[in-house]
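Coordinate analysis (summary)
Spelled out, the chains give:
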Amino acid sequence: MATALFNCRILIDDALVDGLAVLVEGSSIAAVIAERDIPVSAERHDLNGAVLAPGLIDTQVNGGGGVLFNDAPTVETIATIGAAHRRFGTTGFLPTLISDDLATVRAAVAAVDEAIARGVPGVLGIHIEGPFLNIDRKGIHDPDKIITLDDEGFAAVTGLKNGVTLVTLAPEKTSPAMIVRLAVAGVIVAAGHTNGSYDAIRAALDAGMTGFTHLFNAMSPLASREPGAVGAALEDRESWCGLIVDGRHVHPATMRVAVNAKPDRIMLVTDAMPSVGQTDKNFILQGHRVEVIDGVCVNEDGTLAGSDLDMAQAVRNAETMLGVSQAQALTMAGRNPARFLRLDGSHGRIAPGYAADLVALDSDGLTLATWIRGHLEG
């Protein structure tokens, strides 16, 4: 039996529209119709004026629900992370592994493959953030784990059989030829934890790199005579930029510059840690205690260590800090990540044939319910 979701404002591409209903059959959206045309045979689900949007897609999720992917790269960890985040509207995510040994990278890839094969809700692939980084911009990453990308590393990061693989690397620490190899293998390549010059970043973009991981953070800044990684990112019209919109990783004014430069190529990310979905907000990261202070994850030295952000909060923050509409903020959290991940033919839109991955939000932007593959999650 089809389910009709109605009495809501529906995000159709970039605008919120009234008077429509979404007809869900199985795991897909069957139709978007006028409310008056809801079939008598459909099960009706009254959303009481909520906003109905494509499910939120987070390309950078280190942990949640008290667990960290690096600590135990298993299907069970992935499932726990997904369950924690879908309470906040995330219907698609990439479990993210920060710099670690190649054996751990291989274990993480295998775990994601198995999670997808088992149908763990929301898993779209894997994000391998490091270990091919610049130690000068390591941030919270363990410097002892940072290595050069060679054939063994290439084999490790190209092992996923199902889903999307995103690799964050420092372009200046590898070669355009290697980036070409990764791109040809189907890997989505992003620059992050990089001290690369403008020319090095530009060469990587020309070789097939298409993204920037947590823009502004842990990368060479825009300066008058050296545009750096930030300058290359803001200038390039085609690449995608992730932003951690928590007001602490990046100043709101700086984020607004990015939105003005690339209004259609910004996507919201959380860089979430185990504290998301937990009342106990403290955790251990690579042997060091991390505390959440005023919503910000920091280690003993005060270094930012990911975030305590969830995607629904990121959407609300984007409205207040970036000055964008709710529709635009939701697009940054749904359709844009889907396009970056090359999943825009199946995810990120409310349209016939698309996955029934949806989120309902109340008037304050809080999550009322999520659907993954047409299944009501809460």
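Below you will find a few notes about this structure. (Residues numbered from 1 in each chain as written. Predicted model: local features only at pLDDT ≥ 70, side-chain atom pairs only at ≥ 80, totals over all residues. Heavy atoms only, no water.)

What about the overall build of the protein chain?
Summing up its helical and strand segments, the protein chain has 10 helices and 21 strands in all. Whereas a compact globule of 378 residues would reach a radius of gyration of roughly 21 Å, the protein chain reaches 20 Å, a difference of no more than 12%. The dimensions of the protein chain, computed from C-alpha atoms along their principal axes, are 60 × 45 × 40 Å. The 378 residues of the protein chain split such that 57% are buried. In the protein chain, 68% of the contacts between residues at least 6 apart in sequence involve partners at least 24 apart. For the protein chain, the accessible surface area stands at approximately 14400 Å², while carbon and sulfur atoms represent 48% of it. Put simply, the protein chain has 28 plus and 45 minus side-chain charges, and the middle of one group is 3 Å from the middle of the other. (Helix = DSSP H or I, 4+ residues; strand = E, 2+ residues; numbered from the N terminus. Rg over C-alpha atoms; globule rule 2.2 N^0.38 Å. Buried < 20%, exposed > 50% of the residue type's maximum accessible area, 1.4 Å probe, protein only. Contact = heavy atoms within 4.5 Å. Areas by Shrake-Rupley, 256 points an atom, 1.4 Å probe, with all protein chains shown as cover. Lys, Arg positive; Asp, Glu negative; His and termini not counted. Charge placed at Lys NZ, Arg CZ, Asp CG, Glu CD.)

Let's talk about the environment of Val-32
Counting through the fold element by element, Val-32 comes out in strand S4 (residues 28-34). Taking C-alpha positions, Val-32 is 7.8 Å from Ile-350, a pair spaced 318 residues apart along the chain. The contact partners of Val-32, leaving out residues within four places of it in the chain, are Ile-12, Leu-20, Ala-21, Ile-350, Ala-351 and Pro-352.

Structural notes on the sheet that holds strand S16 (residues 283-285)
With antiparallel pairing, three strands are arranged side by side in an open sheet as S16-S17-S18. With partners counted over all chains shown, the strands left at the sheet margins are S16 and strand S18 (296-298), one partner each. The mean angle between the axes of side-by-side strands here comes to 35°, regardless of whether they run parallel or antiparallel. Pairing between strand S17 (residues 288-293) and S18: three bridges, direction antiparallel. Each bridged residue has a counterpart across the sheet, and for Ile-293 the counterpart in S18 is Val-296. (Pairing = 2+ DSSP bridges. Axes fitted to C-alpha atoms, helices over the stretch in contact; angles between N-to-C directions.)

Focus: the pattern of salt bridges
As enumerated under the stated definition, the model contains 16 salt bridges in all. Measuring nitrogen to oxygen at the nearest pair gives 3.9 Å for the salt bridge that ties Asp-14 to Arg-335. Taken as a pair, Asp-14 in the loop between strand S1 (3-12) and strand S2 (15-17) and Arg-335 in helix H10 (residues 335-340) lie far apart in primary sequence, 321 residues in all. Asp-14 gets classed as exposed once you look at its relative accessible area, which sits at 52%. The shortest N-O distance in the salt bridge between Arg-265 and Glu-238 comes to 3.6 Å. (Salt bridge = Lys/Arg side-chain N within 4 Å of Asp/Glu carboxyl O.)

Section: the nonpolar core
The nonpolar side chains of soluble globular proteins are, as a tendency, buried together. Residues Ile-78, Met-209, Phe-212, Leu-215 and Leu-268 are the most contacted members of the largest nonpolar core, which totals 78 residues. Ranked by residue count, the leading element in this core is helix H2 (residues 102-118), at seven residues. One finds Ile-350, Ala-360, Ala-369 and Trp-371 within the second-largest nonpolar core, a separate group that totals 17 residues. (Core = buried A, V, L, I, M, F, W, Y, C linked by side-chain atoms within 4.5 Å.)

Examining helix H5 (residues 198-207)
Within H5, the full set of buried residues consists of Tyr-198, Ile-201, Ala-204, Leu-205 and Ala-207. At its buried positions, H5 is contacted by helix H4 (176-184), strand S13 (211-212) and helix H6 (228-235). Note on H5: the residue one or two positions beyond its end, Gly-208, has a positive phi of about 125°.

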